[in-house]
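Below are the chains, spelled out letter by letter.
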Amino acid sequence: MTSLIRENPTRTLPIVVQELAEKFRNAPALLSDHECWTYQQLAERMNRYARWALDRNIGRGDVVALLMPSRPEYMAVWLGITAVGGVVSLINVNLVGTSLAHCINIVAPKHLIVASELGDAFAMTLPDVKHVPTIWSQGASNNNRFDRIDREIERHSGAALTVTERRDVTIDDRALFMYTSGTTGWPKAAIIDHRRLMTWSHWFAGMMDTGPADRMYNCLPLYHSIGGVVAIGAVLVNGGSTVIKEKFSASQFWDDVTEWDCTLFQYIGELCRYLTNAAPHPRETKHRIRLCCGNGLRKDVWNDFKSRFRIPQILEFYAATEGNISLFNVEGKPGAIGRVPSFLAHRFPAALIKVDMETGQPLRDERGFCVRCATNEIGQAIGKISTGSSDAGGRFDGYTNKAETDKKVLRNVFVAGDAWFATGDLMRKDDQGYFYFVDRIGDTFRWKGENVATSEVAEAIAAFPAIAEANVYGVPVPGTEGRAGMAVLVLKSELNFESFRTHLAQLLPAYACPLFLRIRRMLDVTPTFKQTKAGLAAEGYDPNLVEDQLYFDHPVRQAFVPLDQLLFNDIQSGRIRL
């Protein structure tokens, strides 16, 4: 499926969609509760957006930011604009305040398209946007302060683009910016070229063996690489269809899967755990699912999930949006994220190296080179960076910020002059060659399927008047994936917890808000005045280990409440679900 991509460098994903429209015409392509499009309708909508971009003089490399919930229109927007050389920045719809402004500022868009239902929240961010772009509303809004792009594109033809209109866009041109927290700091805009879009779509189409009879259920956000490209592109390129759900719902999942007659679904580990923890559903085994594909399905959930819901095949994989490492567990070994067979080792040059668990820095031998991990030894996963077109899978295009790109590159790893991409992920490899994900290193931790950068959370906390200092880290909670946020606070005045909770909700997405608080007189620092986290994380929120005041953001009471032994026991036993 991927072998012909480099042989035809001007054939990009928008061109593939046009070819598919001519082949499959009125067959269903993108389906949702709001709108259902055939291949022909998708291509026509895509072409209208392409001509809108041409009419607005959006040149090759010019950026258009997109802030819109998941729906078929989302795909038409970026497919059309990238068809003529524009770059679309896909912004997380959960971001607010300075986080949202930061993501806009680092890509400097000429235009920004915002869904009408997000217009009011977006407008509050405008004072923090350095260079305000031309703003368009998709759909009618309450205040009508922005022009409506859905009306504007109706002026343009939906016919196939001419060769001249396409501007000789190639697979080496930038197509999208997708945001990742990386291992530290604020979100970074990862560069996604057309080659990567083609590779993702066709590779997974081959791995899942998709066809015209397949229908994917996709409840993952479209601003993510998996939900926005893999789950859709892998089915479309072989003539199937995708159901786009705006949000995941455990109670509606099996009704949706059966009513839409889906044969595939895309998951993240938490999704599978939520389904497994849910009450029995009368339709949970009445489906036609033949395969589910995703990442993060842990071993303790795998077997129960597969047997209870009668899932014939699970395709677990590992990949990073901006990275150059891909691992696939095609054998279905519970808990493993992949294995590299010896005959494919040259195409997947991945390695695990020893790191300092406190600093996250690689350990080096007496010659100055990194040290490979032994069997079952935990280390950071790295991928060898290639520069030639013959090994496109090993490329690392980095971020819009060169300094941030350089931070992700390790040099002189095994030989003088080599370069490897540092994933920031800890893994181990067993004696059969299977890889297992262990944790994130550095300051970032995962919660609710998202990376949480502790520096960003600490900055938001410190903006509250009563807070003098804050140190943020993740703590494990039994029965959940990843780590929940916890913050140590040093107060300079009495803390109004209700106002503080409102403050956090205004500045941070829900998944980044800390669930646990610890109040101290001062923070521990290193001799170089850096905050220490390891000891705090080890103590967690156990009142038997922590002498400081502890508080918990209670999901039922919707308030921070004192965390005593009884409440701690309820959390540990799962009686309180997070």
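Reading guide: rules and limits
- Residues numbered from 1 in each chain as written.
- Predicted model: local features only at pLDDT ≥ 70, side-chain atom pairs only at ≥ 80, totals over all residues.
- Heavy atoms only, no water.
- Helix = DSSP H or I, 4+ residues; strand = E, 2+ residues; numbered from the N terminus.
- Rg over C-alpha atoms; globule rule 2.2 N^0.38 Å.
- Buried < 20%, exposed > 50% of the residue type's maximum accessible area, 1.4 Å probe, protein only.
- Contact = heavy atoms within 4.5 Å.
- Areas by Shrake-Rupley, 256 points an atom, 1.4 Å probe, with all protein chains shown as cover.
- Phe/Tyr/Trp six-rings, centres within 6.5 Å; stacked < 30°, edge-to-face > 60°.
- Lys NZ or Arg CZ within 6 Å of the ring centre and 35° of its normal.
- Salt bridge = Lys/Arg side-chain N within 4 Å of Asp/Glu carboxyl O.
- Pairing = 2+ DSSP bridges.
- Axes fitted to C-alpha atoms, helices over the stretch in contact; angles between N-to-C directions.
- 1 Å grid on protein atoms, 1.4 Å probe; cavity = no way out; pocket = protein on both sides within 12 Å on 5 of 7 lines; lining within 4 Å.
- Points joined across faces, edges and corners; volume = space filled by probe spheres on them.
- Parallel < 35°, antiparallel > 145°, perpendicular 65-115°, else oblique.
- Nonpolar A, V, L, I, M, F, W, Y, C, P; charged D, E, K, R; others polar.
- Core = buried A, V, L, I, M, F, W, Y, C linked by side-chain atoms within 4.5 Å.
- Disulfide = S-S within 2.5 Å.

J.: Is there a simple way to explain the overall build of the chain in this structure?
T.: What the chain contains, in helices and strands, is 16 helices and 28 strands. On C-alpha atoms alone, the chain measures out to a radius of gyration of 24 Å, which is about the 25 Å that the 2.2 N^0.38 rule sets for 578 residues. By principal-axis analysis of the C-alpha atoms, the chain measures approximately 70 × 60 × 55 Å. For the chain, the proportion of its 578 residues judged to be buried stands at 57%. By sequence separation, contacts in the chain at least 24 residues apart represent 69% of the contacts at least 6 residues apart. Carbon and sulfur atoms form 49% of the exposed surface of the chain, whose accessible area is close to 24400 Å².

J.: Got a minute to help me understand the packing of aromatic side chains in this structure?
T.: To describe a pair of aromatic rings, you give the distance between the ring centres and the angle between the ring planes. Considering all chains together, one arrives at 25 aromatic pairs under this definition. An aromatic cluster is defined as three or more aromatic residues linked by ring pairs; in this entry it consists of Tyr217, Phe248, Phe253, Trp254, Phe265, Tyr274, Phe305 and Phe309. The side chain of arginine 372 reaches across the aromatic face of phenylalanine 414, ending 3.8 Å from its centre. Across the ring face of tyrosine 436, the terminal group of arginine 428 is positioned such that the distance to the ring centre comes to 4.3 Å.

J.: How do you make sense of the pattern of salt bridges when you look at a structure like this?
T.: A side chain of one charge can pair with a side chain of the opposite charge when the charged atoms of the two come close. Applying the stated criterion across every chain, the model contains 34 salt bridges. Residue arginine 51 is joined to glutamate 165 by a salt bridge in which the shortest nitrogen-to-oxygen separation is 3.0 Å. Pair noted here: arginine 51 is in helix H2 (residues 39-55) and glutamate 165 is in the loop between helix H6 (149-152) and strand S8 (174-180), with a separation of 114 residues, a long-range link. For arginine 283, the salt bridge is made with aspartate 255, and the minimal N-O distance between the two is 3.2 Å. Placement of arginine 283 in the loop between helix H10 (269-277) and strand S13 (291-295) and of aspartate 255 in helix H9 (residues 253-259) is noted, with a sequence separation of 28 residues between them. Here aspartate 255 falls in the partly exposed class, since its relative accessible area comes to 24%. Connected via shared salt-bridge partners are Asp172, Asp193, Arg195, Arg395 and Asp397.

J.: Would you mind going over the sheet that holds strand S12 (residues 264-268) with me for this structure?
T.: Strands in a sheet are paired, the pairing made by backbone hydrogen bonds, and the direction either parallel or antiparallel. Overall, mixed pairing links the eight strands, which are arranged S2-S1-S11-S10-S12-S13-S14-S15 in an open sheet. Strands at the two margins of the open sheet, each flanked by one partner only, are strand S2 (36-38) and strand S15 (326-329). Along the sheet, successive strands turn relative to each other by an average axial angle of 20°, direction set aside. Packing of H2 onto the sheet brings it into contact with strand S1 (28-31) and S2, and relative to S2 it is tilted by some 95°.

J.: So what exactly am I meant to see when it comes to the sheet that holds strand S6 (residues 134-138) here?
T.: Strand order in the open sheet formed by seven strands is S7-S6-S5-S3-S4-S8-S9, with mixed pairing between adjacent strands. Looking at the sheet topology across the chains shown, the edges are occupied by strand S7 (147-148) and strand S9 (188-193). Of the strand pairs in this sheet, S8 and S9 are connected by six bridges, and their pairing is antiparallel. The partner of threonine 180 across the bridge, within S9, is lysine 188. Sitting on the sheet, helix H3 (residues 72-83) is in contact with strand S3 (63-67), strand S4 (87-90), strand S5 (111-115), S6 and S8, with an inclination near 150° to S4.

J.: For this particular structure, what's the right way to read empty space enclosed by the protein?
T.: In this approach, a probe sized like a water molecule rolls over the atoms, and the result shows the empty space that is left. The tally for this structure, following the rule as stated, stands at one cavity of 30 Å³ or more. Each pocket or cavity is described by its volume, and for the largest cavity that value is around 80 Å³. It is helix H8 (residues 225-236) that contributes the most residues to the lining of the largest cavity, five residues altogether.

J.: I tried to follow the environment of alanine 487 on my own but got confused; where do I start?
T.: In this fold, alanine 487 is placed in strand S25 (residues 484-491). You can call alanine 487 buried: its relative accessible area is 0%. Alanine 487 sits 202 residues away from threonine 285 along the chain, and the two C-alpha atoms are 42 Å apart. Apart from the residues lying within four places of it in its own chain, the contact partners of alanine 487 are Ile461, Asn471, Val472, Pro514, Phe516, Leu517 and Arg518.

J.: Quick question: what am I supposed to make of helix H4 (residues 97-105) here?
T.: It helps to recall that an α-helix has 3.6 residues per turn; residues three or four apart then point in one direction. For H4, every residue scored as buried is listed here: Gly97, Ser99, Leu100, Ala101, Cys103 and Ile104. As for H4, its buried residues are in contact with S3, S5, helix H5 (119-123), S8, helix H13 (454-462) and helix H14 (497-507).

J.: How do you make sense of the packing of helix H1 (residues 13-24) against helix H7 (residues 194-208) when you look at a structure like this?
T.: Packed helices, taken two at a time, are described by their axes: the angle between them and the distance between them. Running from N to C, H1 and H7 cross one another at 50°; their axes reach a closest spacing of 9 Å. Regarding the angle of H1 to H7, the classification is oblique. On H7, the residues that touch Leu13, Pro14 and Val16 of H1 are His194, Leu197, Met198, Ser201 and His202. Here the contact of H1 with H7 is built from residues that sort into five nonpolar, three polar and no charged.

J.: Just checking my understanding: could you explain unusual backbone geometry for this structure?
T.: Phi angles above zero are rare outside glycine, and alanine 108 is one such case at about 45°. Relative to the helices and strands, alanine 108 is located in the loop between H4 and S5. Relative accessible area serves as the criterion here: at 52%, alanine 108 is assigned to the exposed category. We note that arginine 167 has phi near 60°; this positive angle belongs to a residue other than glycine. On the secondary structure map, arginine 167 appears in the loop between H6 and S8.

J.: Hey, could you run me through the nonpolar core in this one?
T.: Generally speaking, a soluble globular protein has its nonpolar side chains buried in company with each other. Core analysis: the biggest nonpolar cluster contains 165 residues, and Trp78, Phe305 and Phe516 have the highest contact counts within it. Top contributing element to this core by residue count: H2, with nine residues. Residues in contact with tryptophan 78, not counting those within four places in the same chain, are Leu13, Val88, Leu90, Leu176, Leu197, Gly228 and Val229.

J.: Could you clarify how one ought to interpret the state of the cysteines in this entry?
T.: Cysteine pairs can be linked by a disulfide, which is a covalent bond between their two sulfur atoms. Taken as a whole and judged by the stated rule, the model has zero disulfides. Left without a disulfide partner, cysteine 219 is nearest to the cysteine sulfur of cysteine 272, which lies 9.6 Å away.

J.: Please explain the pairing of S1 as it appears in this structure.
T.: In the case of a regular strand, side chains alternate between the two sheet surfaces. Looking at chain direction, S1 and S2 are connected through three bridges and run antiparallel. When the sheet's bridge partners are listed, leucine 31 is paired in S2 with cysteine 36. With antiparallel pairing between neighbouring strands as the criterion, S1 and S2 make up a hairpin whose turn holds four residues. Bridging between S1 and strand S11 (residues 241-244) involves two bridges; their strand directions are parallel.

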